Structures are given as C-alpha cells and as structure tokens.
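The residues making up each chain are set out below.
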Amino acid sequence: MNTTKLLVIGGVAAGASFAARARRLCENAEIMIVERGPDVSFANCGLPYFVGGEIAARDVLAVQTPASLQSLLNLDVRTRCEAVRIDRANKRVEIRHLDSGSSEWQSYDKLMLAPGASPLRPAIPGIDDARILTLRNLQDMDRIAAATETAMRAVVIGAGFIGLEMTEQLRRKGLSVQLVELQPQVFPQLDAPMAALLESELHRNGVGVTLGDGVTRFESCADVVRCHLTSGKVLDADLVILSIGVKPDTEVAAQAGLQLGPRGHIVVDAFQRTSDPDIYAAGDAVETADRVLGGKTVVPMGGPANRQGRVAADHVFLGDKARPYPGSLGTAIVRVFEVSAGMTGWSEKRLQAAGQAYETVTVNDHQHATYYPDAKPLTLKILWEPGSGRLLGAQASGFEGIDKRLDVLATAILAGMTVEDLCHLELAYAPPFGSAKDAINIAGFAACNRRDGLVKHTTTLPSDPAVQVVDVRPKPLAEAFPAPGQVLNIPFPTLRANLDKLDPTRPVVTLCAFGKMSYFAARVLAQNGFDVASFSGGMKANVDPRSPGKMPTV
Ligand SMILES: Cc1cc2nc3c(=O)[nH]c(=O)nc-3n(C[C@H](O)[C@H](O)[C@H](O)COP(=O)(O)OP(=O)(O)OC[C@H]3O[C@@H](n4cnc5c(N)ncnc54)[C@H](O)[C@@H]3O)c2cc1C
C-alpha cells in the first residue's frame, strides 16, 4: 500500500484533531504538523483562567507536546515553522523555519488548513504600545500574566466572551477593571435583556462598564496608557486587553487561490474540502453551514473546530462514506463571577436583522425545586418559527443550570423540535437537580399558551395612556421597586375582587416580577372580557443593570 502523506498547517484545535483521527484511521500514513508557534494542541479556552490564578499550573494547558504527539500518535510535529506558500500544481508547501530563517518545501498528498483566526488589532493611533495586549496563545497569556504582577488598572476593550472572561479574571487577580463595549450591551451575541444580569454582576463586582462607546486612540504616557473614547471619556490603564473579535488567518489560502467567503473564510463542502479537492480546511478559518436556517455562518468556537477536523480526516480515508459535518448552531456560554449566560441558534436581533418571522417568550424559573436549599433564579428565552413552531434559538442566564438548559435546547433545535415538544421533554428530576416541570417545559407551556391564543404577550410597557398597566405584585414590592409610568397596583390575590377598578373598554397590560403572576392575572382578566396582554418575563427580565436597586432582587 502506498504511504499517504498528510501535511497539516496549524497544530492546535482543528489541526491536532485532524491529525489524531487520521492516525487512528491509518497507521502507516505519514503525518506532519507545521505550527507557527512553539506549542501544539494547547487549551486556548483555558488561557484566561491561568491569568486569574483559577488554573494554577501552566503545564495543564499544554494538553499535548510535540514529543507526546510523536510518541502517542507517531506525528512529525514541526513547531516555530510557518507555511508561507502553497504550490497547488506541484502539491507542496513552502515552510519557513522561524528561528533559522531558512525555508524548505514539503510535499503532500492531502493538505489540511487549520490556521485559525487571529485577534483584531485595528490601526487605531497608539495601538502599538506594548502594554496593549491580545490573547490567543500561551505566549500572549504569559505576557498578560507578567503584566498583572505590577499593573493596578486594566481596560478591557470588547465585551464578547473573551473580554468578559478576562475582565472576571483580572478582577480576581485584584486589578481595577474598566470594560468598554461598542454595542449598548455586554455579550452582544445575546438579546439585550438577557445580558442585563451579566452587566449587573459586573457592577456588583466593581467593574466599570462603559457601553455604546469605542476607543478612538491610545495615548502612550510614561506611566500609563490613556484610552480615549468616542464619547470624550478617558480611561487610564497599566494594561489594555484588546478583545474585539477575530479575523480568519487565511492569507496563505487566499494566495493559493482557494475560494474564500465574503469575510475571508475558506469555503468548504460538507466534508471540509476546499475548492481544491486535495486541500481540506477546518476550524475558525472556515465558514460552515447554518444548521438552523440554512445558508452560511461563521462559528469560531472550539467544538466545531475539533469536530470538523475529525470529519476531514474521515473523508481522507473513507471518502464519501464518511459522515459529513452537518453545520453549526452557534452555541456559546460565558461565566462572569456568579452569573452565567449563553445562547444557541438565532437571537431575536439576528432574526429581526434578517427579516425572518419569529415568535418568542421569556420565562423566569429556578434551576431546581424552590423548596430545596439554594434554589437560584434563571431566565430562559426561546424563539420559534410562527407556523410550524420549530425552535430557532434559545438564550439562558442565571446562576446555576444554565449550561444544562442550553445543551438541552441546542439538542432540541438540532432535532428539529417544536415548542410543543418542549412541553413534554422528560428531563432528569429530583429536588437537588431540577423541578417536576423544568424551566424548559415551562417555556414550552408559555409558548403553547400563546399559540393557542390563551395569552398575548408584550415585551414593552405601553406609553399610550389609554392602556391600563396593572402591577399584580405584592404592595411592598411594587412600592419598593416601582414600575415606570402610570401603573395601578392590584396584588394578584385581590384581582378578582377588584375588577371594577378597571375600565373594561380599555386595553390592559399586566406585569409582575417574573412574568408568571402577570400571566395568571391576564387569564383572569381575559375570561372577564378584558383585552389584555402579559408583560413577558416580568420586571426581572427587563431589569436595568445600571440601577439594580430599582428592581426586585432575587
Ligand atoms: C482566550 C480564548 C478563549 C476561548 N474560549 C473558548 C471557549 O470557552 N469555548 C469555545 O468553544 N471556544 C473558545 N475559544 C475559541 C477556540 O479556542 C477556537 O475556536 C479554536 O481554537 C479554533 O481552532 P483552530 O484549530 O481553527 O485554530 P487555533 O486553535 O487558533 O489554531 C490555529 C493554529 O494555526 C497556527 N497557524 C496559523 N497560520 C499558520 C501558518 N501559516 N503556518 C503555521 N501555523 C499557522 C496558529 O499559530 C495557531 O496556533 C477561545 C479562544 C481563545 C483565544
């Protein structure tokens, strides 16, 4: 049997996964990994946690080394080597040895491109200050960790998941941290109300949060980097973390004439084949199929990268008998101190921007039975396709059990489930773990109530004075945390006795703390002939994170 030579460019998530699977499928293939950095197969996702000290030992992040890959998988790993050019006609790649400066050509039968994506570093004046750092690999992490030994003040620019994780870890390390985000909310992937708890948690932990503002220039002073924002605000830092997104590392692929998507990602088929059938690509550098609504998407996350690498290796050895990569959902989660939040599938704002019809409900519940100690609130939002009821997306935020709900909902989306299906998902339940009716079932019930016409929801409080807003919370709560505008407080237990206080000719919106009592109230009113809508998610889902004292605490 002829020996197949596989050449892999990029030796971390997708590249290492490809190489390992290839070896398991073919013991006698020649497999070479070419990696620009000094490390392969390291845990990029763990980098922030070493900076804050939560992961104590640096070694655990180097999941494999060139030596371990050689001994375990018989891989020829070349670190500090950069692929600079692909000669497709002769099926070879020019490799530059970064330490010696010398170059060589390596041939391939099949080439895997797994170059990932690099942090954006836009040409803002002053960006070259050595105190402005990005985080992608262990060396970046070492630079940041070293800086935190003396730095007192950090500015983190960008409140996506890496910015949020770094903010948390820098606070943990004792630095004063200012977080700046161009969008008017943190974790912009989420719909704004679902990100509010994250933001209030940042405030609660002493993080300064500036939203809807961006850096226009950095001023390098002897003892400080001065960050000038569009608003005129100036933030001083000993250390700046730039986490404003990534761009695919696809210059070599572009020079080789491989087909790229509109944002520079490599176009691949379901088996991760590029426009050249002998070249595969996977990970952050590729675009992939959107598993919810079809078309193309980009999901620069660890799970897709690892699984795509495996699919490509399968295809090399099994051909079209390999199982294709079905596409990505965009499932993501972040933890900020005590709070976690995440999403799967499409968000409301993305659906709106795409002009896609959808319906949505938000419910508040707990991670397990409320009578069992340490019950903590969680908020769940689901989105579905109007006619069919098929799930399009979900978001969750809270203190515990967020990952579990997102994972179930991600699976439900992939299975093509509808909101009706959520009602009777039979999930693990005993008091320490869940509730007899899990938050996911409740979200299904709420959606079905809506679809059955039992309740109308509104996500905004009306400004029209003709609409009667009825707050059905207990009087002390309604007084302590008043809802905005002209509101009539009729606590739910007294509602039936006070129907005469409402004008049956005018519409009503009911509101409460969590959206449940207002639904009960809406049912009472609807059955008494009122035109009524319930304020979805209640005051909690619409909390103002900048003034948390104005809202009910949980
Ligand atoms: C700080 C941080 C935290 C993260 N946390 C999470 C998380 O919690 N969950 C999650 O799902 N994802 C997370 N991610 C994202 C995840 O790490 C990436 O999606 C994943 O690593 C992408 O894999 P990849 O193989 O495409 O690219 P990478 O893992 O980035 O590997 C690409 C490698 O290719 C090398 N390379 C590039 N060009 C060349 C060339 N021309 N020649 C030789 N070598 C080259 C690069 O040096 C790099 O080492 C995180 C990323 C970072 C940076």
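What you see is a predicted model, and the numbers here were worked out from it, not measured in a lab.

1. As for helix α6 (residues 192-204)
Helix length check: α6, at 13 residues, gives a terminal C-alpha distance of 18 Å against a target of 18 Å (1.5 Å per residue), a fit within 8%. Inspection of α6 places Met194, Ala195, Ala196, Leu197, Leu198, Glu199, Ser200, Glu201 and Leu202 among the buried residues, and these make up the whole buried set.

2. Some details on the packing of aromatic side chains
Given two aromatic rings, their pairing is described by the distance between the two centres and the angle made by the two planes. Counted by the stated rule, this structure contains two aromatic pairs. Consider the rings of Phe492 and Phe520, whose centres lie 6.1 Å apart with planes at 50°: the pair is tilted. Taken together, the positions of Phe492 in the loop between β28 (487-489) and β29 (508-511) and Phe520 in helix α14 (residues 516-527) put the pair 28 residues apart, joining distant regions of the chain. Among the residues examined, Phe520 registers a relative accessible area of 29% and is labelled partly exposed. Where Tyr519 meets Phe520, the ring centres are 5.7 Å apart and the plane angle is 55°; that geometry is what we call tilted. By relative accessible area, Tyr519 is classed as partly exposed at 21%. The structure contains a cluster of three or more aromatic residues connected by ring pairs, namely Phe492, Tyr519 and Phe520. The residue whose ring lies beneath Arg92 is Trp105, and the NZ or CZ to ring-centre distance is 3.8 Å. Here Arg350 stacks its cationic end above the ring of Trp346, 3.8 Å away from the centre of that ring.

3. Some thoughts on the sheet that holds β28
Strand order in the open sheet made by the five strands is β26-β30-β29-β27-β28, with parallel pairing throughout. If you trace the sheet from one side to the other, it starts and ends with β26 (457-458) and β28, each paired once. As paired strands, strand β27 (residues 468-471) and β29 are joined by four bridges and run parallel to one another. Along β29, the bridge assignment pairs Val470 with Thr510. Those strands touched by α14 are β29 and β30 (532-535), and its axis lies near 175° from that of β30.

4. Brief notes about the sheet that holds strand β23 (residues 359-366)
The five strands are arranged β21-β22-β25-β24-β23 in an open sheet whose pairing can be described as antiparallel. Both outer strands of the open sheet, β21 (332-336) and β23, are each paired with one neighbouring strand and no more. The average angle at which neighbouring strand axes cross in this sheet is 10°, direction not considered. Relative to the sheet, helix α10 (residues 402-414) contacts β21, β22 (339-345), β23, β24 (377-384) and β25 (391-398), its axis offset from that of β25 by approximately 180°. Across the sheet, helix α12 (residues 439-451) touches β23 and β24, and the angle it forms with β23 is around 140°.

5. So, the nonpolar core
Of all hydrophobic cores here, the largest spans 41 residues; its most connected members are Leu164, Leu170, Val186, Leu198 and Leu202. Element by element, the count of residues in this core is highest for α6, at five residues. Those residues within four positions of Val186 in sequence are excluded, and the remaining contacts are Ala159, Leu164, Leu179, Ala195, Leu198, Glu199, Leu202, Val209 and Leu211. Within the second largest apolar cluster, 30 residues are counted, among which are Trp346, Ala394, Leu406 and Leu409.

6. Concerning the confidence of the model for the protein chain
Averaged over every residue, the pLDDT of the protein chain is 95; residues scoring 70 or more account for 97%. When the criterion is pLDDT under 50, residues 547-554 qualifies, and its contacts beyond four places in sequence or with other chains add up to 15 contacts.

7. Describing the site of the ligand
By nearness alone, 28 residues border the ligand, and Ala14, Glu35, Asp284, Met301 and Gly302 come closest of all. Gly302 places a main-chain nitrogen or oxygen 2.8 Å from an oxygen atom of the ligand. About the coverage of the ligand: the protein hides 90% of its 990 Å² of free accessible area. For the shell around the ligand, the secondary-structure elements that each account for two or more residues are α1 (13-25), β4 (81-87), α5 (161-172) and α8 (302-318). Of the residues assigned to the shell around the ligand, the class counts are 17 nonpolar, five polar and six charged.

Reading the values: the criteria
Residues numbered from 1 in each chain as written. Predicted model: local features only at pLDDT ≥ 70, side-chain atom pairs only at ≥ 80, totals over all residues. Heavy atoms only, no water. Helix = DSSP H or I, 4+ residues; strand = E, 2+ residues; numbered from the N terminus. Expected span 1.5 Å × (residues − 1). Buried < 20%, exposed > 50% of the residue type's maximum accessible area, 1.4 Å probe, protein only. Phe/Tyr/Trp six-rings, centres within 6.5 Å; stacked < 30°, edge-to-face > 60°. Lys NZ or Arg CZ within 6 Å of the ring centre and 35° of its normal. Pairing = 2+ DSSP bridges. Contact = heavy atoms within 4.5 Å. Axes fitted to C-alpha atoms, helices over the stretch in contact; angles between N-to-C directions. Core = buried A, V, L, I, M, F, W, Y, C linked by side-chain atoms within 4.5 Å. pLDDT = per-residue confidence, 0-100. Near = heavy atom within 4 Å. Polar contact = N/O pair within 3.5 Å; in protein donor to acceptor, adjacent residues only side chain to side chain. Areas by Shrake-Rupley, 256 points an atom, 1.4 Å probe, with all protein chains shown as cover. Nonpolar A, V, L, I, M, F, W, Y, C, P; charged D, E, K, R; others polar.

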